[in-house]
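Geometric and topological summary
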Amino acid sequence: MPEQILTPAQMADVDRTAIERGPFDGPRLMQNAGRAVAALVMARHAGVARIDVLCGPGNNGGDGYVAATELARRGLDVAVWVSAGPRPGSDAEAAADACPVATWPLADFRPSENSVVVDALYGAGLSKPIEGDDAAAIDHCNAAGVPVVAVDLPSGVSGLTGAVLGTAIRATQTVTFVRRKPGHLLYPGRALCGEMSVVDIGIADAVVGSVGATAFVNAPDLWRGRLPMPAADTHKYRRGHVGVFSGSAAATGAARLAAMGAARSGAGAVTVLSPGGALAVNAMHLTSIMLRKADGLADVETFLADRHPNALVYGPGLSPDASTAALVVTLVERLAESGCALVVDASAITALAGVHGEAFFAAVKSSGGDIVLTPHEGEFARLFADLAADRHPSKLERAQLAAARSGATVILKGADTVIAAPGGRAAINANGTPLLATAGSGDVLAGITAGLLAQGMPAFDAACCAVWMHAEAAREAGPGLIAEDLPQALRPVLGRLFPLPGGRTGEGGR
């Protein structure tokens, strides 16, 4: 089952619904959460000399009081440091009253080098910057470098956006409950969480489903059922034909990277559409990839009529000018009835900024076709300037707003890539790696996406699958990766996704 991502507001709804439906009331859910935190501390930090539990005024602090109680019952040396007392009549107040551990003012807290800190100051619902004694305690923890187990989310990280509100604690481990929140997956919050654990505290999946979450962790469970599996009697054109537009003679490499990405992802045939002046350069480097001259719209239309491609890649290596923008708008209009998908990447996105962008969005919405946009943050800022300028929405929200405005599936790239569909469905990628921060890796991603689209995978699923496979391929290749390594590194990744009869995998049984 795909893992939903819950916003803080949705998590609050889940808590309320779970309490209404039972079998656990609020105090029992808090008990379950606090005991889970204590269990992780004991499992990961056995033998520690001291445990300092920092408790805030809300339910997060209540979880901390329960954890402190459980740890003290195990005979451990525990101290509780309090920033403010729990709200009167709250479940947290009951947990504090039941806690046998002495409490101390947070203003006096200084971690010792032999302690483990349990951060239960503020959870995912934090909405304002941390200041005063809370901020000072966080800074003392960070300066000391002691192990920190964060309850729900490191204090100071927004559960909605992943942004740091004032200051934030650096956790060694984070224990969250029921489902992850956007702040666990979006940077900089993601980098502050350390090792993530999602624990069950007794809330049923049906309750989680009742809030209508539309965001998911991008992992194979999300799209595996729609992976294109070749039939026994297939041939190359049934496996999909991808056309990739090439730049001029001095800018052909990006198209070839995209073409190899499309071929390695399973497309049966790939054709590079090359300007006449670049044919010789492309021909020197292509073997299994086909090559065709395309000097303008007439040549492109002839290719479309003759070969009926299933997907196109437009943008890598092209000039970011008005002619590039005009052709992509025309392409969308021409593809409306053909069922051919389109991936718009790189310079084509920059070319669409301004008046061309509005024409493109209108054409996409009229076409109803599978169109995927793959901007990095810089390209996104050019095409969706107002969304990028407003830093209040999270990266997840920006991608969702961009998809709704454009009518296209949007892959907003980065260390925390977000994939969003026009209807609001979204995913945050969880296996990203800095190895992908190398020239040309985005071109390969565009090709992988097109290859999956050409095989009939729906746009959102193809985009999610491509992003995940792209990152897995980088991990497979390892340090020293350059973009040319990625297509070859896809082979073992695909082997793990496509098991062969007899328990073997498509990578020869590895």
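Use the structure listed above.
Here's what I pulled together on the structure shown here.

Analysis parameters
- Residues numbered from 1 in each chain as written.
- Predicted model: local features only at pLDDT ≥ 70, side-chain atom pairs only at ≥ 80, totals over all residues.
- Heavy atoms only, no water.
- Buried < 20%, exposed > 50% of the residue type's maximum accessible area, 1.4 Å probe, protein only.
- Helix = DSSP H or I, 4+ residues; strand = E, 2+ residues; numbered from the N terminus.
- Pairing = 2+ DSSP bridges.
- Right-handed = clockwise from strand over helix to strand, strands pointing away.
- Phe/Tyr/Trp six-rings, centres within 6.5 Å; stacked < 30°, edge-to-face > 60°.
- Expected span 1.5 Å × (residues − 1).
- Salt bridge = Lys/Arg side-chain N within 4 Å of Asp/Glu carboxyl O.
- Disulfide = S-S within 2.5 Å.
- Axes fitted to C-alpha atoms, helices over the stretch in contact; angles between N-to-C directions.
- Parallel < 35°, antiparallel > 145°, perpendicular 65-115°, else oblique.
- Contact = heavy atoms within 4.5 Å.
- Nonpolar A, V, L, I, M, F, W, Y, C, P; charged D, E, K, R; others polar.

The next thing to look at is the pairing of strand S2 (residues 50–55). Most of S2 sits inside the fold, with 5 of its 6 residues counted as buried. Sheet analysis places S2 next to strand S5 (residues 115–120), joined by 6 bridges and oriented parallel. Pairing of Arg-50 across the sheet is with Ser-115, part of S5. Relative to strand S3 (residues 78–82), S2 is paired through 5 bridges, and the arrangement is parallel. Opposite Asp-52, over in S3, you have Ala-79 as the bridge partner. A crossover links S2 with its parallel partner S3, the connecting element being helix H3 (residues 59–73), and its sense is right-handed.

Turning our eyes to something else, we now look at the packing of aromatic side chains. Under the definition given, this model contains 7 aromatic pairs. Ring geometry for Trp-81 and Trp-104: centres 6.4 Å apart, planes at 35 degrees, overall tilted. Taken as a pair, Trp-81 in strand S3 and Trp-104 in strand S4 (residues 103–105) lie far apart in primary sequence, 23 residues in all. For Trp-81, a relative accessible area of 9% corresponds to the buried category.

With 14 residues, helix H19 (residues 441–454) extends 20 Å between its outermost C-alpha atoms, agreeing within 8% with the 20 Å of an ideal straight helix rising 1.5 Å per residue. Of all 14 residues in H19, 14 are buried, a share of seventy percent or more. In the stretch just after H19, Gly-456 is the one whose phi turns positive, near 100 degrees.

Let's shift gears to the pattern of salt bridges. For the structure on display, the rule yields 21 salt bridges. Among the salt bridges present, the one from Glu-70 reaches Arg-74, with a minimum N-O distance of 3.6 Å. Owing to a relative accessible area of 51%, Arg-74 belongs among the exposed residues under this scheme. Of the charged contacts in the structure, one is a salt bridge between Asp-345 and Lys-413, with a shortest N-O distance of 3.5 Å. Of this pair, Asp-345 sits in the loop between strand S14 (341–344) and helix H14 (347–351) while Lys-413 is found in the loop between strand S16 (409–412) and strand S17 (418–420), placing the two residues 68 residues apart along the sequence. Classification of Asp-345 by relative accessible area gives buried; the value is 1%. Connected through salt bridges with shared partners, the residues Glu-377, Lys-395, Arg-398 and Asp-416 form a single ionic network.

Turning next to the state of the cysteines. Scanning the entire structure with this criterion turns up 0 disulfides. Cys-55 carries a free sulfur, and the closest cysteine sulfur to it, the one in Cys-99, is 7.2 Å from it. We note that Cys-141 lacks a disulfide partner, and the nearest cysteine sulfur, in Cys-55, lies 13 Å from it.

On to the pairing of S16. Strand residues, when the strand is regular, have side chains that alternate between the two faces of the sheet. Burial along S16 is two-sided: Thr-409 and Ile-411 facing one way and Val-410 and Leu-412 facing the other are all buried. Both S16 and S17 contribute to a ladder of 3 bridges, which runs antiparallel. Counted as the bridge partner of Ile-411 is Ile-419 from S17. In sequence, S16 turns back onto S17 through a hairpin of 5 residues, with Gly-414 there showing a positive phi of about 150 degrees.

Turning next to unusual backbone geometry. Of the consecutive residues Gly-22 and Pro-23, the connecting peptide bond is found in the cis state with omega at 5 degrees. When you line up the elements, Pro-23 lands in the loop between helix H1 (8–21) and helix H2 (26–44). Following Tyr-187, the chain continues to Pro-188 via a peptide bond in cis, the omega torsion being 5 degrees. As for its placement among the helices and strands, Pro-188 is situated in the loop between helix H6 (182–185) and helix H7 (189–192). The phi dihedral of Asp-152 is positive, around 75 degrees, even though this residue is not glycine. The topology assignment puts Asp-152 in the loop between strand S6 (148–151) and strand S7 (173–177). Since its relative accessible area comes to 13%, Asp-152 is described here as buried. One non-glycine residue, Val-178, adopts positive backbone phi at about 80 degrees.

Interhelical geometry of helix H15 (residues 355–367) versus helix H18 (residues 395–406) gives an angle of 75 degrees and a closest axis separation of 8 Å. On the basis of the axis angle, H15 is roughly perpendicular to H18. Across from Phe-361, Val-364 and Lys-365 in H15, the residues of H18 making contact are Ala-404, Arg-405 and Ser-406. Here the residues of the contact of H15 with H18 are counted per class, giving 3 nonpolar, 1 polar and 2 charged.

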